[in-house]
Amino acid sequence: MFEDIFNFQSVFIFLFIPGFLMYRVITLALPVKSIEITSKTAIEVITYGTVNYFLYILMSPYFFIGKPLISNATFFFLTPVLLALLISYLLKSKLIRKVYDVAPTPWDFLFMNKDADYVIIELKDGSVIGGHFGLKSRATEFPREKEIFVEKEWVVDKVDEKLLYEVPDSKGLWVNGSEIKTIKLF
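Here's what I pulled together on the structure shown here. (Residues numbered from 1 in each chain as written. Predicted model: local features only at pLDDT ≥ 70, side-chain atom pairs only at ≥ 80, totals over all residues. Heavy atoms only, no water.)

With that out of the way, let us pick up the overall build of the protein chain. Scanning the protein chain for helices and strands turns up 5 helices and 8 strands. Starting at the N terminus and walking to the C terminus, you meet the elements of the protein chain as α-α-α-α-α-β-β-β-β-β-β-β-β. Across the 186 residues in the protein chain, those meeting the buried criterion constitute 32%. In the protein chain, once contacts between residues fewer than 6 apart in sequence are set aside, the share between residues at least 24 apart is 55%. Split by element, the accessible area of the protein chain, about 12300 Å² in all, is 66% carbon and sulfur. (Helix = DSSP H or I, 4+ residues; strand = E, 2+ residues; numbered from the N terminus. Buried < 20%, exposed > 50% of the residue type's maximum accessible area, 1.4 Å probe, protein only. Contact = heavy atoms within 4.5 Å. Areas by Shrake-Rupley, 256 points an atom, 1.4 Å probe, with all protein chains shown as cover.)

Right, let's get into the pairing of strand E6 (residues 162-166). For a regular strand, side chains alternate in direction, first toward one face of the sheet and then toward the other. Here strand E5 (residues 152-157) runs beside E6; their pairing, made up of 4 bridges, is antiparallel. Paired with Val 155 across the bridge in E6 is Tyr 165. Linking E5 to E6, which pair antiparallel, is a turn of 4 residues; within it Glu 161 sits at a positive phi near 50°. (Pairing = 2+ DSSP bridges.)

A few words on the sheet that holds E5. Here we have 5 strands laid out as an open sheet, ordered E6-E5-E2-E1-E8, and antiparallel in their pairing. Every other strand in the sheet has two partners, leaving E6 and strand E8 (180-185) as the edge strands with one partner each. Mean inter-strand twist for the sheet, computed between neighbouring axes without regard to direction, equals 35°. Alignment of strand E1 (residues 118-123) against strand E2 (residues 128-132), held across 5 bridges, turns out to be antiparallel. What sits directly across from Val 119, in E2, is Gly 131. (Axes fitted to C-alpha atoms, helices over the stretch in contact; angles between N-to-C directions.)

Counted according to the given criterion, the structure contains 2 salt bridges. For the salt bridge of Lys 181 with Glu 122, the shortest nitrogen-to-oxygen distance reads 3.7 Å. Here Glu 122 lies in strand E1 and Lys 181 lies in strand E8, a separation of 59 residues in the sequence. Here Glu 122 falls in the partly exposed class, since its relative accessible area comes to 22%. Of the charged contacts in the structure, one is a salt bridge between Glu 166 and Lys 152, with a shortest N-O distance of 3.9 Å. One end of the pair, Glu 166, is in strand E6; the other, Lys 152, is in strand E5, and 14 residues separate them in sequence. Since its relative accessible area comes to 29%, Lys 152 is described here as partly exposed. (Salt bridge = Lys/Arg side-chain N within 4 Å of Asp/Glu carboxyl O.)

Of note, Glu 147 is situated in strand E4 (residues 147-150). Here the alpha-carbon distance between Glu 147 and Val 175, two residues 28 residues apart in the chain, equals 5.8 Å. Leave out the neighbours within four places in its chain, and Glu 147 touches Trp 107, Arg 138, Ala 139, Thr 140, Trp 174, Val 175 and Gly 177.

By the alternation rule, side chains of strand E7 (residues 173-176) split into Leu 173 and Val 175, which are all buried, and Trp 174 and Asn 176, of which none is buried. The pairing of E4 with E7 spans 4 bridges and is antiparallel. Across the sheet, the residue bridging to Glu 147 is Asn 176, located in E7.

Ranked by internal contacts, the top residues of the largest apolar core, which has 13 residues, are Ile 121, Phe 133, Ile 148, Val 175 and Ile 180. Of all the secondary structure elements, the ones that give two or more residues to this core are helix H5 (106-111), E1, E4 and E7. Considering each element in turn, this core owes the most residues, 3 residues, to E1. Filtering out sequence-adjacent residues up to four positions away, Val 175 remains in contact with Ile 121, Leu 123, Ile 129, Glu 147, Ile 148 and Ile 180. Counting residues in hydrophobic clusters, the runner-up holds 12 residues, among them Ile 26, Tyr 48, Ala 84 and Val 102. (Core = buried A, V, L, I, M, F, W, Y, C linked by side-chain atoms within 4.5 Å.)

So, on to the sheet that holds E4. In space, the 3 strands of this open sheet follow the order E3-E4-E7, with antiparallel pairing throughout. Each having just a single partner strand, strand E3 (138-139) and E7 make up the two edges of the open sheet.

Here it is as structure tokens:
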């Protein structure tokens, strides 16, 4: 019985803790529908922990001999965080998204890689606004309420729905998603 408890503690310490850290970093870096812990989540956490453990086994003979503090810090914190950031980056990449889309909503899909340069937004009240959606622009990710910030506001020709010119001295434009009827991306 004592061996069973020890084995459970070993699995928890060596697989679950680093795996859970990886899971949390990934869920913070990517928009996810739910962060509730389920049986599927537990499997993901153990899988992440197992990957971390195998990397540790591969790396430890070369880097951590006689350095237990550095070894433990690397195993429990550094490697899981770096792996999670790498996984998040890969899952957001256009190549992977062609095979496996991580965006939980169409809104997240539209703005995840910021492919758009300009937007024309029709509001529910019928007004039309436009802007430059550049590197400083932002769109919220699920599960937060939809909002968009475009870094430069543009005047829109309502008839032809074309951007005419940048509003002088524009410092950006924030739009509450609940007021948006449609968004056109260019």
